[in-house]
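Chain by chain, the residues:
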There are 2 protein chains.
Amino acid sequence: MYVCSIMRPTNLYKGSLNTIILKLLSTHDKMYGYEITQKVKAITKGELHITEGALYPSLHKLEAEGLLEVEFVKVNNRTRKYYRLTEQGTKETMRKLEALENYIKTMRALVSPKFRLE
Amino acid sequence: MYVCSIMRPTNLYKGSLNTIILKLLSTHDKMYGYEITQKVKAITKGELHITEGALYPSLHKLEAEGLLEVEFVKVNNRTRKYYRLTEQGTKETMRKLEALENYIKTMRALVSPKFRLE
DNA sequence: TGTTATGCATAATAAACTTATGTATGTTTG
DNA sequence: CAAACATACATAAGTTTATTATGCATAACA
């Protein structure tokens, strides 16, 4: 997957890419694909490497679902495809972040018995 | 996936099933498949529902990889297939738990900027 | 005696990735 | 100044990991 850990690859935790994309766009107004890969690399100190083969299809899907909208901008003779959240995308972002928090709580309950669900 | 949340399904966070299985076996000596599904349901207050279609193939794979070993026990005229960690399985469990902690830290850094990686 | 619970298993399908490849331009460096 | 690296998009083939559906079999319960 798109985790490039120092540890040998784990194949763990698929499914969080959309959450990452949406969250980044909720705090950055608009971003283009390559920018997202670099941002994630920077924030995670190289821990996560978003592959293009995962990223671009995901962006296309999120756009097709109406969560993102597109704007083309020509910079230095190269075209950037900027994405920004739609209103629906903003709502979905909140849902996905709640789901992530919930997942983390659940996993904590499973792996560290001192964290118990109420 | 095997998450049965109150929220509408998210398709998020595949890949943690093996971690859950191994962790449970690291604190329970030996368990059989059905027992694992019930244990997870109890600990997570019904939040996670491990489907049999996911569980049994995973157990078989972990066994084939040498992480689990099998013992058949007849109880009330029904046969239970008990699994326990091998030595290699114990090591792998530690690795997977570290990877999970690491993943959670990384995701926190991405979604809650106040958590920053060093 | 039919429904629910216990207990295992596999096949078909789908989702979400990895890996590999392709196209094209700009920048840096030996 | 040519090769390597960075920027920027995209898709196709294959893998992993799940869901959904189905099957078999026994026990308990109402």
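To be clear, the structure that these remarks concern was listed above.
Just so it is clear, the structure is predicted and the values come from calculations on it, not from any experiment. (Residues numbered from 1 in each chain as written. Chains lettered and ligands numbered in written order. Predicted model: local features only at pLDDT ≥ 70, side-chain atom pairs only at ≥ 80, totals over all residues. Heavy atoms only, no water.)

Engineer: Can you walk me through the overall build of chain A in this structure?
Structural biologist: Along chain A, the regular secondary structure elements total four helices and three strands. Scanning chain A from its N terminus toward the C terminus, one meets helices and strands in the order α-β-α-α-β-β-α. By the burial criterion, 42% of the 118 residues in chain A qualify as buried. A separation of at least 24 residues holds for 46% of the contacts in chain A among residues at least 6 apart in sequence. As presented, chain A carries roughly 6,600 Å² of accessible surface, and 50% of it is formed by carbon and sulfur atoms. (Helix = DSSP H or I, 4+ residues; strand = E, 2+ residues; numbered from the N terminus. Buried < 20%, exposed > 50% of the residue type's maximum accessible area, 1.4 Å probe, protein only. Contact = heavy atoms within 4.5 Å. Areas by Shrake-Rupley, 256 points an atom, 1.4 Å probe, with all protein chains shown as cover.)

Engineer: What am I meant to see in the packing of aromatic side chains here?
Structural biologist: Each pair of aromatic rings is reported with the distance of its centres and the angle of its planes. Residue and element names in this part refer to chain A. Per the stated rule, a full pass over the model turns up two aromatic pairs over all chains. Relative to tyrosine 82, the ring of tyrosine 32 lies with its centre 5.1 Å away and its plane at 75°, an arrangement referred to as edge-to-face. Of this pair, tyrosine 32 sits in strand S1 (residues 31–32) while tyrosine 82 sits in strand S3 (residues 78–85); the two residues are 50 residues apart in sequence, bridging distant segments of the chain. Owing to a relative accessible area of 16%, tyrosine 32 belongs among the buried residues under this scheme. The residue whose ring lies beneath lysine 30 is tyrosine 82, and the NZ or CZ to ring-centre distance is 4.6 Å. (Phe/Tyr/Trp six-rings, centres within 6.5 Å; stacked < 30°, edge-to-face > 60°. Lys NZ or Arg CZ within 6 Å of the ring centre and 35° of its normal.)

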